[in-house]
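Residue-level structural notes
Below are the chains, spelled out letter by letter.
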Amino acid sequence: MATEIIVPSNQEHWLSVDADEMKKRIERHIIRIPETGCWIWIGNTTHDGYGRMMITGPNGKQHPFRAHRVSYAANNGSFKKSQVIRHDCDVPLCINPDHLSIGTQAENLQDMRSRDRDNGVGFYNKLKTHCNAGHPLFGDNLRIEGLREARRCKACESIKKGRKA
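Cut-offs applied
- Residues numbered from 1 in each chain as written.
- Predicted model: local features only at pLDDT ≥ 70, side-chain atom pairs only at ≥ 80, totals over all residues.
- Heavy atoms only, no water.
- Helix = DSSP H or I, 4+ residues; strand = E, 2+ residues; numbered from the N terminus.
- Buried < 20%, exposed > 50% of the residue type's maximum accessible area, 1.4 Å probe, protein only.
- Contact = heavy atoms within 4.5 Å.
- Areas by Shrake-Rupley, 256 points an atom, 1.4 Å probe, with all protein chains shown as cover.
- Disulfide = S-S within 2.5 Å.
- Core = buried A, V, L, I, M, F, W, Y, C linked by side-chain atoms within 4.5 Å.

Secondary structure summary: the protein contains five helices and 10 strands in total. Classification of the 165 residues of the protein by burial places 35% in the buried group. In the protein, the proportion of contacts linking residues at least 24 apart, taken out of those at least 6 apart, comes to 41%. Surface accessibility of the protein: about 10,200 Å² in total, with carbon and sulfur atoms responsible for 51%.

Take a look at the structure:
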């Protein structure tokens, strides 16, 4: 008897699929890296570097799913759409269920910051030594705010408020 799992996507799709069938599909699209234990997805990828699987729904329509979410569900069972599947190995293309853990978006963001792998705009802003106006971004002229630790130039903020820096 097949083990049915519910796989939530990052979009509005929920599909009930056969876990064993998903495991077979996964096996055809991975390379195992013995040194790290990672299972690297070699199929389609998303714009942000994660594995992507297309799964056919009951109506015959194809729906995109992130491969690591499918791998986690196929090996560990269903999870809620509100939960994220975190990469403990920090390799977005890894879909080894032993390297994946369930959590919240807040935990995922905290992991990202603590492991210094914020490679979005925040990552590049951390590398800046001066703001766009040429003021130094350190010491008394730097203000860090919010959960994402945005870096603000105090001199520019003063100028915007009508005061001289």
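With that settled, the discussion passes to the state of the cysteines. In this structure the tally under the stated criterion is zero disulfides. Here Cys89 stays unpaired: no disulfide links it, and the sulfur of Cys94, its closest cysteine neighbor, is 3.7 Å away. The structure places no disulfide on Cys156, whose sulfur is separated from the nearest cysteine sulfur, that of Cys131, by 3.6 Å.

Time to look at the environment of Thr104. Positionally, Thr104 belongs in the loop between strand 8 (100-103) and helix 3 (105-114). Along the chain, Thr104 and Val84 lie 20 residues apart, while their C-alpha atoms are 5.5 Å from each other. In contact with Thr104, not counting residues within four places along its chain, are Val84 and Arg86.

This part covers the nonpolar core. Core analysis: the largest hydrophobic core is formed by 13 residues, its most contacted members being Met22, Met53, Val70 and Ile95. Where this core is concerned, the elements lending two or more residues are helix 1 (19-27), strand 4 (39-41), strand 5 (52-56) and helix 2 (67-76). Ranked by residues supplied to this core, first place goes to helix 2 with three residues. If you look at the next biggest cluster of nonpolar residues, it comprises six residues, including Cys131, Leu137, Ala155 and Cys156.

Its identity as a non-glycine residue notwithstanding, Asp90 has a phi of 65°, on the positive side. Relative to the elements of secondary structure, Asp90 occurs in the loop between strand 7 (84-87) and strand 8. You can call Asp90 partly exposed: its relative accessible area is 31%.

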